[in-house]
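One letter stands for each residue in the lines below.
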Amino acid sequence: QVQLVESGGGLVQAGGSLRLSCTPSERIVSSNVMAWYRQVPGKQRELVARIAPGGSTNYADSVKGRFTISRDNAKNTVYLQMNSLKTEDTAVYYCNADIRGLGRSHQNYWGQGTAVTVSS
């Protein structure tokens, strides 16, 4: 089973930046859809950003222009660069891997999360 380890969370002032990292235990970043989600207690987990093997990306409207998802295949790592952080970005951020198998089979894996707190 694939393990996803996130890092980079912490406390930052509004307007500041953080970079989150996700390194899976298996070499999967280059050939599978990777994503970042976030969740606030009592609320649904929401997609923040997604990157496909071909390089196409998707972003939540609330983070467009401020966040950038990227990957380093050599390091087998996915990043989320977060700039111009707002207090509403405060959440636990989770790395996600959608691993394709034979045919239309997929397996979904989640990291344990890294907390981001943005203060005013």
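Please refer to the structure higher up on the page.
Small disclaimer: the values here were computed from a predicted structure and weren't measured. (Residues numbered from 1 in each chain as written. Predicted model: local features only at pLDDT ≥ 70, side-chain atom pairs only at ≥ 80, totals over all residues. Heavy atoms only, no water.)

A. Structural context of the nonpolar core. Counting residues in hydrophobic clusters, the biggest one holds 29 residues, and the most contacted among them are Met34, Trp36, Leu80, Met82 and Tyr93. Of all elements in the fold, only β3 (18-24), β4 (33-39), β5 (46-51), β7 (67-72), β8 (77-82), β9 (91-100) and β11 (114-119) reach the threshold of two or more residues within this core. Broken down by element, the residue count for this core peaks at five residues, all from β9. (Core = buried A, V, L, I, M, F, W, Y, C linked by side-chain atoms within 4.5 Å. Buried < 20%, exposed > 50% of the residue type's maximum accessible area, 1.4 Å probe, protein only. Helix = DSSP H or I, 4+ residues; strand = E, 2+ residues; numbered from the N terminus.)

B. Spotlight on the pairing of β3. Among the seven residues of β3, five are classified as buried, and the element is accordingly described as predominantly covered. Inspection of the sheet shows β3 paired to β8 by five bridges, in the antiparallel sense. Bridge assignment links Ser21 to a residue of β8, and that residue is Tyr79. (Pairing = 2+ DSSP bridges.)

C. Inspection of the sheet that holds β8 at higher detail. Strands sit in the order β1-β3-β8-β7 across an open sheet of four strands; the sheet is antiparallel. The two strands at the open ends of the sheet, each matched to only one other strand, are β1 (4-7) and β7. With direction set aside, neighbouring strand axes in the sheet form an average angle of 15 degrees. (Axes fitted to C-alpha atoms, helices over the stretch in contact; angles between N-to-C directions.)

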